[in-house]
Amino acid sequence: MKKNYKGFWIRLVAILIDLVLLFVVKLIVQKMGVDYKSMMDSVGFVFTVIFATLIVRFIITFFFWRMFSATPGKMIIGAKIADAKTGGKPTALQFVKRYIGYFISF
């Protein structure tokens, strides 16, 4: 199987596309009546929102990785996530490790 790696800049474009899409989802939720500014008075609430946001992002990302082997940004640029050894679809554990690796590398 021929390996076709995407370079740094095109992968950055994919990440930016994903961030824009997540921002649009956040705007839609805010338009539905969730007023984050008035809720930010409580420190506990702030940490809850941050934690919930991380969980929601993980669920969305994991869903797209499992179903399509790519996030929407990666799909737009024509990239897919593959197991480095087999070239096939990674396992769920590999996806979780990859997600954790994003935070470590950041």
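Throughout what follows, the structure given in this document is the object of discussion. Keep in mind it's a predicted model, so treat the numbers as computed, not measured. (Residues numbered from 1 in each chain as written. Predicted model: local features only at pLDDT ≥ 70, side-chain atom pairs only at ≥ 80, totals over all residues. Heavy atoms only, no water.)

Of regular secondary structure, the protein possesses 5 helices and 0 strands. Counting across all 106 residues of the protein, residues that qualify as buried make up 16%. Taking as baseline every contact in the protein between residues at least 6 positions apart, the subset at least 24 positions apart corresponds to 59%. Approximately 8,300 Å² of the protein is accessible, and the part contributed by carbon and sulfur atoms is 72%. (Helix = DSSP H or I, 4+ residues; strand = E, 2+ residues; numbered from the N terminus. Buried < 20%, exposed > 50% of the residue type's maximum accessible area, 1.4 Å probe, protein only. Contact = heavy atoms within 4.5 Å. Areas by Shrake-Rupley, 256 points an atom, 1.4 Å probe, with all protein chains shown as cover.)

This paragraph deals with unusual backbone geometry. Positive phi, normally seen in glycine, also occurs at S69, with a value near 60°. Relative to the assigned elements, S69 resides in the loop between α3 (43-68) and α4 (72-77). Note on S69: relative accessible area 9%, which makes it buried.

Evaluation of the coordinates by the stated rule reveals 11 aromatic pairs. When the ring of F63 is compared with that of F68, the centres are 6.3 Å apart and the planes differ by 85°; the resulting orientation is edge-to-face. Judged by its relative accessible area of 43%, F63 falls in the partly exposed class. The exposure class of F68 is partly exposed, given its relative accessible area of 37%. (Phe/Tyr/Trp six-rings, centres within 6.5 Å; stacked < 30°, edge-to-face > 60°.)

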